[in-house]
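Chain by chain, the residues:
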Amino acid sequence: MSMPSADELFKSIDYNPPASGWMETPVNFAPGNWCYPAKKDMVAYLQGYMPDAFGNPREWSPGEADWKLPPNWKEIVMNGFRERLDKFRSLKVFMDICVRCGACADKCHFFIGSGDPKNMPVLRAELMRSIYRGEFTLAGKILSKLTGSRVMEEDVLKEWFIYFYQCTECRRCSLFCPYGIDTAEITMMARELLHLVGVNINWVLEPVSNCNRTGNHLGIQPHAFKDIVDFMVDDIEEITGVRVKAPLNEKGHEILFITPSGDVFADPGIYTFMGYLMLFHFLDLDYTMSTYASEGGNFGLFTNNEAMKKLNAKMYAEANRLGCKWILGGECGHMWRVINQYMDTMNGYLQGSHMETPRNPITGTVFHNSAVTKMVHITEFTADLIKHGKLNLDPSRNDQYKVTFHDSCNPARAMGLLDEPRYVIKNVCNNFVDMPAGTIREETFCCAGGSGLNTEEIMEIRLRGGLPRGNALRYVQDKNGVNMMSCICAIDRATLPPLADYWAPGVEVCGVHELVGNALILPGEQERTMNLRQESLPGFEDEDDDWTPPNM
Amino acid sequence: MNALYSLVFVFILVLIPLFGVGAGHMDFGFGVCIPYTAFALFLSGFVAKIFGWAKSPVPYRIPTTGGQQLPYDPELFKQSKLDNPSNGFQTVLRMILEIFAFRSLFRNTSTSLHETKDGPVVAYASSKWLWLFAILFHYSFFIIALRHLRLFLEPIPFFVNGLEFMDGILQIGAPVMYQTDALIVVGLLFLLLRRLVDAKIRYISLVADFFPLFLILGVALSGIWMRYYAKVDVVAIKELAMGLVTLHPHVPAGIDVSFYVHVFLVSVLMVYFPISKLMHMPGVFLSPTRNMPNDNRFHHHENPWNPDIKPLAYESYEKEFGPFMAEAGLPLDNPENAKAPEEG
């Protein structure tokens, strides 16, 4: 598929809606507009564990007319809708109280980058609300079109599939809504209903089934996981001369460390992972990691609350088995949304009695703000160490970087973790600059690949959705020479590099703890000539510059 | 089209009492029966809707956080107490600001695209027009509603007299013009124009969005007409109103038909209210993203229907991957699992 250039794409955006009403405007099912449906065996596997939550496993394609829905699909969806109205006040209230003021309309990154009116959060929700009015309210049944009602048809379900998989559940619209209507919540409900009749995407269901089976979304088996971690230990040794430990599945440690497996698998996440390992080695921290609970991210959040609960429960189960007192969590976006908003409510009862309110063993700080979840965010932990002067840091090792910080949607808008990462960055780097107001902190823009949409087949949609973030990045690149965007989310680390290459070429992406790892002076280390990416540090470039390819 | 339908519909609603009272002399019907019925439907519908919402539990705590969370170290990081409340008191303050100052709407920005010599630019500008006119409209409506209490209460409470005095303080014309009468029309006209002019908003606007605007505009204009132009007999109207509230309904003669138009439109509004988006008024109090503190990490919160779902057991994990784990030197709970199934 050929991709338009950034300028062409920008020029193609038109905020004027089409002449036809939205109910009459057909949905474009051309390839590129949808994510691939889940592989049959993935659905079958999950159905074995949660038979009611996932629909019939089958081969199907959104590009074809026949989606091979079960014959009673309408009944399943409508019963599911009714059930969720009774189970979630949020859904019921959000279906009733929208006044269509449009304050949310231009807040969604997908709308800003596409101009597609169905990407206005208000209209995205109307796709579901119109059915609610038509099927569940008296006024809607009597007055039908006058109230913007319609009845459930196959076309509607197909439209849901397209647009609820064009929402990254970033919650930016909710911030601006006068009633706090949260489109993420509506998207989650719509996706639950779609799953009931087996309308799904592979980039969500494969990770869910992998997380259940192997412990992480990439399906890395325990021995392979250990191999990868050992490679990183080797790399750290090459860079620093110090061999750090990387304990896995060991019992009797105080802390269980869980981070998104994206950090184990691909760059630039692996550099962040190396940063964690170096930090823990420096502290001689009494910790272990786990292969069984080797995923911080919870892709269940993008399917239904059943799968979310099942996957999340592994964290406490593993802390119990290994006898850990509390859990330290790595840099991950939606992992923290699940931990902050759902974890204790869903699975708190699974905690063993040995678990305690987290206490930093180095500084003695008690993290009272995580007294029930027993989980601390790594930037809280590191900020505490920095404040107490426990780290030996040389920020000049990050001097080749001019750093900005991308607030990852979930920690920002579902938690409010805004200042902790900035504090850490400012202490490990000399050059930090924020992107413009209106694009950071609680008003941050999504990477456009969240909620399981970081898949290649919808790259143009992702790049369009990435326009607001990319444009803000371009601004600090031009104005301040920013060449590194840090973040605290593994999905960001996977999706922001192509976004930056497209909208702000030349800017790289890193996790906060990569910068920590670069700056941290390990006891007994050799003179550092390169950073964690094995690029020369300032002052040590010469060798590389003299090198020429042998056949030239 | 949706706007036109709504306008025509409201015109028809105006004609009904004009004929009903003007030609049909159904004063009692329009002065007593319809208002009573409308009020009963309003009250029961309103209460039923709120009970309907309240019946559904809030399984998960999902407040939107608009600022820094409660930090582990308040010296180092400053919590944004209003936008990211961590206790009930802060949450109440947040709600008060939301309800009385439309705080989230105050944040509104508009997004625009520009092509500059340095490349494409996405710009965000503060956009407070909607906030301003929404505030004007809602406060005017609220004050007007309170002012009407003087018709239903005897003696008239001091705050109603005070409100009336303040509202007419400019002392323009006779009878003295209330500022809110003008402001509510200005507010409504802006909200209406915005729906018609902004292509995006026009696209999402339904009949259900235009109709209440035209209806309330009809209520306001009919009220203005009867007060300033028809100069209706206020004493007779008060007599009718007091009869209604004391359940001794009686219709004095000689009330201008414009009054019945006003009352009929208000009655329609009351009936329409509980089945429409106007329920955002009570709904905002129940919005789960705004009315809860962000305290999930340190306060337990119960889901009444928490499903009984267990994680994949570690035992079965070790059983599946045991031989590989043993080979890689990873510890096993059960040494038996180190053997491949065919060996065992």
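Presented here is an overview of the structure given in this document. (Residues numbered from 1 in each chain as written. Chains lettered and ligands numbered in written order. Predicted model: local features only at pLDDT ≥ 70, side-chain atom pairs only at ≥ 80, totals over all residues. Heavy atoms only, no water.)

So, the overall build of chain B
Item 1. Each helix and strand in chain B was counted, giving 14 helices and two strands.
Item 2. The C-alpha atoms of chain B give 30 Å as radius of gyration, which overshoots the globular expectation for 344 residues (20 Å, by more than 25%).
Item 3. Of all 344 residues assigned to chain B, the portion counted as buried reaches 50%.
Item 4. Looking at chain B alone, contacts between residues at least 24 apart form 63% of all its contacts between residues at least 6 apart.
Item 5. Total accessible area computed for chain B in this model is approximately 16800 Å², and 71% of it derives from carbon and sulfur atoms.
Item 6. Charged side chains in chain B number 25 positive and 27 negative. The centres of these two groups are separated by 10 Å. (Helix = DSSP H or I, 4+ residues; strand = E, 2+ residues; numbered from the N terminus. Rg over C-alpha atoms; globule rule 2.2 N^0.38 Å. Buried < 20%, exposed > 50% of the residue type's maximum accessible area, 1.4 Å probe, protein only. Contact = heavy atoms within 4.5 Å. Areas by Shrake-Rupley, 256 points an atom, 1.4 Å probe, with all protein chains shown as cover. Lys, Arg positive; Asp, Glu negative; His and termini not counted. Charge placed at Lys NZ, Arg CZ, Asp CG, Glu CD.)

A look at the side chain of R422 of chain A
Item 1. Looking at the element boundaries, R422 of chain A is found in helix α19 (residues 419–428).
Item 2. When sequence neighbours within four positions are dropped, the list of residues in contact with R422 of chain A reads F405, D407, F432, D434, I440 and R441 of chain A.

Section: unusual backbone geometry
Item 1. A cis amide bond links D267 of chain A to the next residue, P268 of chain A, at an omega of 10°.
Item 2. One can find P268 of chain A in the loop between α13 (262–265) and α14 (269–283).
Item 3. Here the amide bond leading from E154 of chain B into P155 of chain B is cis, since omega sits at 0°, within 30 degrees of zero.
Item 4. Its place among the elements puts P155 of chain B in the loop between α6 (149–152) and α7 (158–167).
Item 5. Its identity is not glycine, yet K374 of chain A carries a phi of approximately 65°, on the positive side.
Item 6. Structurally, the position occupied by K374 of chain A is in the loop between α16 (333–347) and β4 (375–377).
Item 7. In this model, A448 of chain A sits at a positive phi of 70°, which is unusual for a non-glycine residue.
Item 8. We classify A448 of chain A as buried; its relative accessible area is 0%.

Comments concerning helix α11 (residues 202–213) of chain A
Residues and elements named next belong to chain A.
Item 1. Its 12 residues place the ends of α11 16 Å apart at the C-alpha level, agreeing with the 16 Å of an ideal helix rising 1.5 Å per residue.
Item 2. Summarising burial for α11: nine of the 12 residues are buried, a large majority.
Item 3. Residues of α11 that are buried include every one of N202, V204, L205, P207, V208, S209, N210, C211 and N212, and no others.
Item 4. Residues of α11 that are buried sit in contact with α2 (40–49), α10 (183–196) and α15 (305–322).
Item 5. Directly beyond the C-terminal end of α11, a positive phi value near 105° is found at G215. (Expected span 1.5 Å × (residues − 1).)

What to know about the sheet that holds strand β5 (residues 403–406) of chain A
Residue and element names in this part refer to chain A.
Item 1. Strand order in the open sheet formed by three strands is β5-β6-β7, with parallel pairing between adjacent strands. Every other strand in the sheet has two partners, leaving β5 and β7 (508–511) as the edge strands with one partner each. Averaged over all pairs of adjacent strands, the angle between strand axes in this sheet comes to 35°, irrespective of strand direction.
Item 2. Note that β5 and strand β6 (residues 484–487) share four bridges and pair parallel. Following the sheet pairing, F405 is matched in β6 by S486.
Item 3. Sitting on the sheet, helix α22 (residues 490–503) touches β5, β6 and β7, and the angle it makes with β7 is about 170°. (Pairing = 2+ DSSP bridges. Axes fitted to C-alpha atoms, helices over the stretch in contact; angles between N-to-C directions.)

Things to note about the sheet that holds strand β3 (residues 326–329) of chain A
Hydrogen bonds between backbone atoms are what pair the strands of a sheet, whose relative direction is either parallel or antiparallel.
Residue and element names in this part refer to chain A.
Item 1. The four strands are arranged β2-β1-β3-β4 in an open sheet whose pairing can be described as parallel. Each having just a single partner strand, β2 (287–288) and β4 make up the two edges of the open sheet.
Item 2. The pairing of strand β1 (residues 255–258) with β2 spans two bridges and is parallel. Within the sheet, the bridge partner assigned to I255 lies in β2 and is Y287.

Description of the pattern of salt bridges
Item 1. Across all of its chains, the model carries 51 salt bridges over all chains by this definition.
Item 2. For R321 of chain A, the salt bridge goes to D333 of chain B, with nearest N and O atoms at 3.0 Å. Of this pair, R321 of chain A sits in helix α15 while D333 of chain B sits in the segment after α14 (314–328), each in a different chain.
Item 3. Judged by its relative accessible area of 16%, R321 of chain A is buried.
Item 4. Close ionic contact of R422 of chain A with D407 of chain A constitutes a salt bridge, the shortest N to O distance being 2.6 Å. Placement of R422 of chain A in helix α19 and of D407 of chain A in the loop between β5 and α18 (409–413) is noted, with a sequence separation of 15 residues between them.
Item 5. Within this structure, R100, E126, R129 and R133 of chain A together with D209 and K277 of chain B form a network of salt bridges that share partners. (Salt bridge = Lys/Arg side-chain N within 4 Å of Asp/Glu carboxyl O.)

Some remarks on the packing of helix α6 (residues 121–136) of chain A against helix α8 (residues 154–164) of chain A
Residues and elements named next belong to chain A.
Item 1. Two numbers describe how α6 lies on α8: the axes approach to 10 Å, and their chain directions differ by 155°. With respect to α8, the axis of α6 lies roughly antiparallel. You can see that α6 and α8 cross each other, and the crossing is left-handed. Residues R124, L127, M128 and I131 of α6 lie in contact with α8, whose contacting residues are V156, E159, W160, Y163 and F164.
Item 2. Residues belonging to the contact of α6 with α8 are distributed by class as follows: seven nonpolar, no polar and two charged. (Parallel < 35°, antiparallel > 145°, perpendicular 65-115°, else oblique. Left-handed = near helix turned anticlockwise from the far one by under 90°. Nonpolar A, V, L, I, M, F, W, Y, C, P; charged D, E, K, R; others polar.)

What to know about the nonpolar core
Item 1. Counting residues in hydrophobic clusters, the biggest one holds 187 residues, and the most contacted among them are F81, M128, L157 and W160 of chain A.
Item 2. When residues of this core are assigned to their parent elements, the largest contribution, 14 residues, is made by helix α10 (residues 207–229) of chain B.
Item 3. Those residues in contact with W160 of chain A that sit more than four places away from it in its chain are V77, F81, L127, M128, I131, M152, Y165, L193 and L194 of chain A.
Item 4. Counting residues in each nonpolar core, the second largest holds 85 residues, with L279, M289, A313 and F432 of chain A among its members. (Core = buried A, V, L, I, M, F, W, Y, C linked by side-chain atoms within 4.5 Å.)

Overview of the packing of α8 of chain A against α10 of chain A
All names here are of chain A.
Item 1. Following both chains from N to C, one finds α8 and α10 inclined at 130°, their axes separated by 10 Å at the closest point. Put simply, α8 runs oblique to α10. Like other packed secondary-structure pairs, α8 and α10 cross with a definite hand, here left-handed. Counted together, L157, W160, F161 and F164 of α8 and I186, T187, A190, R191, L193 and L194 of α10 form the full contact between these two elements.
Item 2. Looking at the contact of α8 with α10 residue by residue, the classes come out as eight nonpolar, one polar and one charged.

Functional significance is not addressed by these values, which are geometric in nature.
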